[in-house]
Amino acid sequence: MIIKKLLPVMICWMLSIQWGLAQNTSNQLEILNAETLLGGRGVERLIGDVKMKHQNSLIYCDSAYFYSQDNFAKLFGNVRIVDQKDPITTTSRYAEYDGNTRLAKLRNNVVFKNEETTLYTDFLDYDRLTGVATYFNDGRVVDSTNVLTSEKGVYETQIEKITFTEKVVLVNPDYTLKSRLLYYYTIPKTAETVGVTNIVSAEGNRLNAQISSFYDTQLKTFRFYDGDAESETSLISGDVLFYDELAQYYEAKDNVSIYNKERKTEVFGDEGKYWEDRKYSQVIGNALVRKYFEADTMFMIADTLITQDSEIVEDRYMTAFNGVRFIKGGMSGKADSLTYIYSDSTIYLFKDPLLWNNKSQISADSINFLIANEDIDRTYLKHNTFAITRDTLNNYNQIKGRKMTGFFLNGDMTKLDVEGNGESLYFALERDTLFKGMNKLLCARIIMHFSDGQIQKINHSVKPDASFTPPHIIKKDDQRLEGFAWREDEKPTMAMVLDWRTPRIREKGFNFFDEPDIIIPYPSDDEIQINIEEHHFENTENQAYIP
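Cut-offs and rules
Residues numbered from 1 in each chain as written. Predicted model: local features only at pLDDT ≥ 70, side-chain atom pairs only at ≥ 80, totals over all residues. Heavy atoms only, no water. Helix = DSSP H or I, 4+ residues; strand = E, 2+ residues; numbered from the N terminus. Phe/Tyr/Trp six-rings, centres within 6.5 Å; stacked < 30°, edge-to-face > 60°. Buried < 20%, exposed > 50% of the residue type's maximum accessible area, 1.4 Å probe, protein only. Lys NZ or Arg CZ within 6 Å of the ring centre and 35° of its normal. Salt bridge = Lys/Arg side-chain N within 4 Å of Asp/Glu carboxyl O. Lys, Arg positive; Asp, Glu negative; His and termini not counted. Contact = heavy atoms within 4.5 Å. Polar contact = N/O pair within 3.5 Å; in protein donor to acceptor, adjacent residues only side chain to side chain. Pairing = 2+ DSSP bridges. Core = buried A, V, L, I, M, F, W, Y, C linked by side-chain atoms within 4.5 Å.

**Notes on the environment of Glu-527**
Of note, Glu-527 is situated in helix 3 (residues 525–544). Linking Glu-527 and Phe-136, residues 391 residues apart in sequence, is a C-alpha distance of 30 Å.

**Focus: the packing of aromatic side chains**
Within this structure, the stated rule accounts for 23 aromatic pairs. Relative to Phe-222, the ring of Tyr-215 has its centre 4.3 Å away and its plane inclined at 10°; by these criteria the two rings are stacked. The pair Tyr-215 / Phe-222 is uniform in exposure class, with both members buried. With 5.5 Å between their ring centres and 65° between their planes, Tyr-396 and Phe-484 make a pair best called edge-to-face. A residue pair is termed long-range when its members are at least 10 positions apart, and Tyr-396 in strand 32 (residues 396–409) and Phe-484 in the loop between strand 36 (465–469) and helix 2 (494–500) qualify at 88 residues. Among the aromatic residues, those joined into a ring-pair cluster are Tyr-175, Tyr-215, Phe-222, Phe-224, Tyr-243, Tyr-250 and Tyr-274. Sitting over the face of the ring of Phe-510, Arg-180 holds its NZ or CZ atom 5.3 Å from the ring centroid. Directly above the aromatic system of Phe-484 lies the positively charged group of Arg-480, at a separation of 4.5 Å from the ring centroid.

**A closer look at the pattern of salt bridges**
Scanning the model with the defined rule gives 24 salt bridges in all. The partner of Asp-125 in a salt bridge is Arg-107, with the nearest N and O atoms 3.1 Å apart. Taken together, the positions of Asp-125 in strand 9 (residues 117–127) and Arg-107 in strand 8 (residues 103–114) put the pair 18 residues apart, joining distant regions of the chain. In this structure, Asp-125 and Arg-107 share a single accessibility class: buried. A salt bridge links Asp-270 to Arg-501, with the shortest nitrogen-to-oxygen separation between them at 2.3 Å. Of this pair, Asp-270 sits in strand 22 (residues 265–275) while Arg-501 sits in the loop between helix 2 and helix 3, and the two are 231 residues apart along the sequence. For Asp-270, a relative accessible area of 34% translates into the label partly exposed. Within the structure, one salt-bridge network assembled from shared partners comprises Asp-226, Asp-239, Arg-504 and Arg-506.

**Topic: the side chain of Glu-276**
Within the secondary structure, Glu-276 sits in the loop between strand 22 and strand 23 (280–292). Buried Glu-276, no salt bridge; nearest opposite-charge side chain is Lys-279, N-O distance 9.1 Å. Once you skip the residues sitting within four places of it in the chain, Glu-276 turns out to touch Ser-231, Tyr-243, Gln-248 and Tyr-250.

**Overview of the environment of Ser-360**
For Ser-360, the position within the fold is in strand 29 (residues 360–363). For the pair Ser-360 and Asp-391, spaced 31 residues apart in sequence, the C-alpha to C-alpha distance is 9.4 Å. A polar side-chain atom of Ser-360 sits 3.0 Å from a polar atom in the side chain of Thr-389.

**Observations regarding the pairing of strand 29**
Burial along strand 29 is two-sided: Ser-360 and Ile-362 and Gln-361 and Ser-363, pointing in opposite directions, are all buried. Here four bridges tie strand 28 (residues 354–357) to strand 29, and the two strands are oriented antiparallel to one another. The partner of Trp-356 across the bridge, within strand 29, is Gln-361. Where strand 28 folds back on strand 29, the antiparallel hairpin that results is connected by two residues, among which Asn-358 adopts a positive phi of roughly 55°. The pairing of strand 29 with strand 31 (residues 375–390) spans four bridges and is classified as antiparallel. Across the sheet, Ile-362 pairs through a bridge with Ala-387, a residue of strand 31.

**Things to note about the nonpolar core**
Core analysis: the biggest nonpolar cluster contains 96 residues, and Met-52, Leu-75, Phe-164, Leu-182, Met-300, Phe-326 and Leu-349 have the highest contact counts within it. In terms of residues, this core owes the most to one element, strand 34 (residues 434–451), which gives five residues. With near-sequence residues (within four places) excluded, Leu-75 lies in contact with Met-52, Ile-59, Cys-61, Ser-63, Ala-64, Arg-93, Tyr-94 and Ala-95.

**Considering the environment of Lys-85**
Locating Lys-85 in the fold gives a position in the loop between strand 6 (72–83) and strand 7 (88–98). For Lys-85, a relative accessible area of 65% puts it in the exposed group. Taking the C-alpha atoms as reference points, Lys-85 and Ser-57, separated by 28 residues in sequence, lie 8.1 Å from one another.

Spelled out as structure tokens, the structure:
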């Protein structure tokens, strides 16, 4: 039977009589229009300006095969499915539509559009019953903010969620993100990843997560789990890392590390905050500082650390407070708080400060020391200054005064200059083994010279009040100047530093951006064997023709 140029009304009337006897018309595919209808044995072929309907959807194509008994259609050329209630439209070059299951299989140049979100692929299965569209063999999703691509994907339109798997790439004007698994929510335009995630900004900054991440592409905020963020000048990491691009603010928790590349300073702690535009950082909770020098490293621990960097040298400083301890080479010290001023390379100690150098201990109400050429150059002490040096026989050489200046060479104290109310107690030794007696000296200015941590000689500027006491008449009470306190048990050690905090060692993990765009596969064992045999055959032939 051949019918040409049938009116749409006639077609609908004829088909409704035929199908209405057998099936519920609410679930039946309906033919609304075709220029030509060829039919027979349960298969109708529709040609030219085909229009069909299924429930709330209108289906358009150039031609179709319709299997009425199966309620199934194969659609060819300029396929378009429009949902009259939901804002979803699909187009493709070919499709199969099952009216019973409401499953549409679209192939070749597929475009799936849901308001502002558009999906492009060549293979898409769309379940209209559940609102789930699944693509495979590569797909691309575009909205007003982002472009996302992956090998496979599942678009759950009812909850506006798209799951991207394998070779996932998210691109917008600010960032490029790569991962293996990403959940994208189309309304808030947020992305959640599982597993290794790598992001590169337009400026070249890198953000990485080893466990998972969250990215709000509109508010431009990030949250990384086991993550790090690296710029040209800094590297920040933590078990949980938050970054607000608009506020230029970082926040990290647990196993925090903030590394300043320009100052070669790294700060560790339980919680850290960093304001990128201000170059201001704050780290709290068992904080540790490592200041890297060419020859050694300065270690400092405290409860809280604050660092201010700046292009202006005078504005740079670092402050530590609540139980400060530090070690640099042969020098170590403690205080309640500390401030390092970068402009004059001076470290200031406050509230019960103490310094140790080799066998010497120095205390005062106020201590500051200068770093020059990456080493301690001199130290300045004011008010109630007291220096103690233990000799080879465990005697305590002592000197005190109103003000002291200590001079250092290669990290060791070489001279101690005492000004005002100078008083010293010095045990004279012969060849470091024989005790000869005790010298006591009162003078306005006293200068002690050291070598290998031991006093070598003592100078004075004006006539001193001096006395010498032989060993056999020295009384125990005379062996200590007023204010003497040997506090070696408080001296910081590396064991103390490591016990305070042992930073987590973060190995450089896998990074998608380090992978080549094209991967050349390794040959199989069979290919290698064939190659060996071919080369062997060629060599045999060449040897046969040698004259």
